[in-house]
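Here is what each chain is made of, one letter per residue.
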Amino acid sequence: AALPPSRTAVAPQSRAWQCVSKLQSGFMIGGALGGAFGFLYGTFAAIKYKHVLYLPIAVLQAGGAFGFFLACGTVIRCEEPPLALHPPAAGEE
């Protein structure tokens, strides 16, 4: 039995929403990685300088910076590929 026509296909996301989704996931992965690195550095700095506020500051700064750069990298990869990379269709030259 076939599904009703309203349920047969789902429209794919637009290219812009795909890029926004990739940007968001890139920022979250970079933020998590940077936050982990910031936690390690912040713990070291907090112990060394005996000031506990170094820890959250290091986590936020490193997480934000890594997240920003990884989000920028994913947006660069999200751009439209150049036409030279596409092979010509049958009958075109």
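Computed from a predicted structure; not experimentally measured.

Thresholds, definitions, all that
Residues numbered from 1 in each chain as written. Predicted model: local features only at pLDDT ≥ 70, side-chain atom pairs only at ≥ 80, totals over all residues. Heavy atoms only, no water. Helix = DSSP H or I, 4+ residues; strand = E, 2+ residues; numbered from the N terminus. Buried < 20%, exposed > 50% of the residue type's maximum accessible area, 1.4 Å probe, protein only. Contact = heavy atoms within 4.5 Å. Areas by Shrake-Rupley, 256 points an atom, 1.4 Å probe, with all protein chains shown as cover. Disulfide = S-S within 2.5 Å. Phe/Tyr/Trp six-rings, centres within 6.5 Å; stacked < 30°, edge-to-face > 60°. Expected span 1.5 Å × (residues − 1). Axes fitted to C-alpha atoms, helices over the stretch in contact; angles between N-to-C directions. Parallel < 35°, antiparallel > 145°, perpendicular 65-115°, else oblique. Left-handed = near helix turned anticlockwise from the far one by under 90°. Nonpolar A, V, L, I, M, F, W, Y, C, P; charged D, E, K, R; others polar.

To continue, consider the overall build of the protein. When you go through the protein residue by residue, the secondary structure sums to 2 helices and 0 strands. Counting across all 93 residues of the protein, residues that qualify as buried make up 15%. Partitioning the intrachain contacts of the protein with sequence separation of at least 6 by distance along the chain shows that 74% fall at a separation of at least 24. On the protein, roughly 7800 Å² of surface is accessible, and the fraction owed to carbon and sulfur atoms is 71%.

Structurally, the position occupied by Gly-73 is in helix H2 (residues 54-77). A relative accessible area of 30% places Gly-73 in the partly exposed class. Taking the C-alpha atoms as reference points, Gly-73 and Lys-22, 51 residues apart in sequence, are found 9.9 Å from one another.

What follows is about the state of the cysteines. Enumeration over the complete set of coordinates arrives at 1 disulfide. The disulfide that involves Cys-19 links it to Cys-78, with 1.9 Å between the sulfurs. Handedness here is read from the sign of the S-S torsion; for Cys-19 and Cys-78, about -90°, the answer is left-handed. Of this pair, Cys-19 sits in helix H1 (residues 15-49) while Cys-78 sits in the segment after H2, and the two are 59 residues apart along the sequence. Since its relative accessible area comes to 7%, Cys-78 is described here as buried.

Quick look at the packing of aromatic side chains now. Summed over all chains, the structure comprises 4 aromatic pairs. Aromatic side chains Tyr-41 and Phe-44 sit 6.5 Å apart centroid to centroid with 45° between the ring planes, which places their arrangement in the tilted category. With Tyr-41 and Phe-44 both in helix H1 and 3 residues apart, the pair spans about one turn of that helix. Tyr-41 sits in the partly exposed class, given a relative accessible area of 47%. A relative accessible area of 49% means that Phe-44 is categorised as partly exposed. Taken together, a centroid distance of 5.3 Å and an interplanar angle of 70° make the contact between Phe-68 and Phe-69 edge-to-face.

For H2, built from 24 residues, the straight-helix expectation of 34 Å at 1.5 Å per residue is met to within 8% by its first-to-last C-alpha distance of 35 Å. Buried residues of H2: Ala-58, Ala-62, Gly-63, Gly-67 and Ala-71, and no others. In this fold, the buried residues of H2 make contact with H1.

On to the packing of H1 against H2. Two elements in contact, H1 and H2, have axes separated by 5 Å at closest approach and are oriented at 150°. By the angle between their directions, the pair H1 and H2 is classed as roughly antiparallel. Where H1 crosses over H2, the two elements pack in a sense that is right-handed. Among the residues forming the contact of H1 with H2, the class breakdown is 20 nonpolar, 12 polar and 1 charged.

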